[in-house]
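In case you want the letters, here they are:
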Amino acid sequence: MTDPAPRLFETDAAIWHVGLGLLARTLPRAEWTHEAHLAATTWLVVERADIDLDAELRGIISGYNERVGGVNDATQGYHHTITCCFLAAVRNHVRETVGQGLTARVNALLLSPPGRRDWPLRLYSRERLFSVEARLGWVAPELTPDG
């Protein structure tokens, strides 16, 4: 099964909406999609250098999840290893796209291999990635990117 085509962003304002909504915990739950996760994280890396994402992203996402009625536990909600994996991919992408506008950067990421929902499965077995240990804390990849 392949990922459906990603929903791209039309404007910087749409990305700011997602990022600000995440921080304020006001983004409607239906808008918190995979694409929104990556857009918000890109926005945070590019626009909010004042936030220490390594220390604060777990709390930002977990707090948002709880605010919109979600639960963060051993089986649902915030997933630390996936978040760290995508945060590293976003940071790499941001370094590679210096000089491009925010919308172009986000959409290029969404269209790239690291922007795919299943991208972490290039680095992890399904069993390891979706383990309780990986959800609650950082688990190092056990696969090489080529499988």
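This is a predicted model, so every value here is computed, not measured. (Residues numbered from 1 in each chain as written. Predicted model: local features only at pLDDT ≥ 70, side-chain atom pairs only at ≥ 80, totals over all residues. Heavy atoms only, no water.)

Colleague: Can you lay out the pattern of salt bridges for me, pointing to particular residues and giving the numbers?
Modeller: Taken as a whole and assessed by the stated rule, the structure comprises six salt bridges. Two residues, Asp54 and Arg91, come together in a salt bridge whose shortest N-O distance is 3.0 Å. Here Asp54 is found in helix α3 (residues 53-67), whereas its partner Arg91 is found in helix α4 (residues 80-96), with 37 residues between them in sequence. Salt bridges linked by common partners bring Arg7, Glu35 and Arg117 together as one network. (Salt bridge = Lys/Arg side-chain N within 4 Å of Asp/Glu carboxyl O. Helix = DSSP H or I, 4+ residues; strand = E, 2+ residues; numbered from the N terminus.)

Colleague: Can you explain the packing of aromatic side chains? Please cite residues and give values.
Modeller: Under the definition given, this model contains three aromatic pairs. Between Trp16 and Trp43, the aromatic rings sit 5.2 Å apart at their centres with planes inclined by 75°, giving edge-to-face as the arrangement. Here Trp16, found in helix α1 (residues 12-24), pairs with Trp43, found in helix α2 (residues 34-47); they are 27 residues apart in sequence, far enough to count as distant. Its relative accessible area of 32% is what places Trp16 among the partly exposed residues. (Phe/Tyr/Trp six-rings, centres within 6.5 Å; stacked < 30°, edge-to-face > 60°. Buried < 20%, exposed > 50% of the residue type's maximum accessible area, 1.4 Å probe, protein only.)

Colleague: Now, about the nonpolar core: what can you tell me, with residues and values included?
Modeller: Core analysis: the largest hydrophobic core is formed by 35 residues, its most contacted members being Phe9, Ile15, Val18, Leu22, Trp32, Leu44 and Val106. Looking at this core, the elements with two or more residues in it are α1, α2, α3, α4 and α5 (102-111). Look past the residues within four positions of Val106 in its chain and what remains in contact with it is Phe9, Ile15, Ala39 and Thr42. (Core = buried A, V, L, I, M, F, W, Y, C linked by side-chain atoms within 4.5 Å. Contact = heavy atoms within 4.5 Å.)

Colleague: For the state of the cysteines, give the residues involved together with the corresponding values.
Modeller: Tallied over the full model, the rule gives zero disulfides. No disulfide involves Cys84; its sulfur sits 8.6 Å from that of Cys85, the nearest cysteine. We classify Cys85 as buried; its relative accessible area is 6%. (Disulfide = S-S within 2.5 Å.)

Colleague: How would you sum up the environment of Pro141? Please name residues and give values.
Modeller: Tracing the backbone shows Pro141 in the segment after α7 (132-136). For the pair formed by Pro141 and Ser125, sequence separation is 16 residues and the distance between their alpha carbons is 8.4 Å.

Colleague: Can you tell me about α1, naming the residues and giving the values?
Modeller: Here α1 contains 13 residues, and its C-alpha end-to-end distance of 18 Å stays within 8% of the 18 Å for a straight helix at 1.5 Å per residue. Those residues of α1 not exposed but buried are Ile15, Val18, Gly19, Gly21 and Leu22. All buried residues of α1 fall inside an arc of 165° around its axis, so they share one side. Where α1 is buried, its residues meet α2, α3 and α5. Positioned one or two residues after α1, Arg25 has a phi angle of 65°, which is positive. (Expected span 1.5 Å × (residues − 1). Arc of directions from axis to C-beta.)

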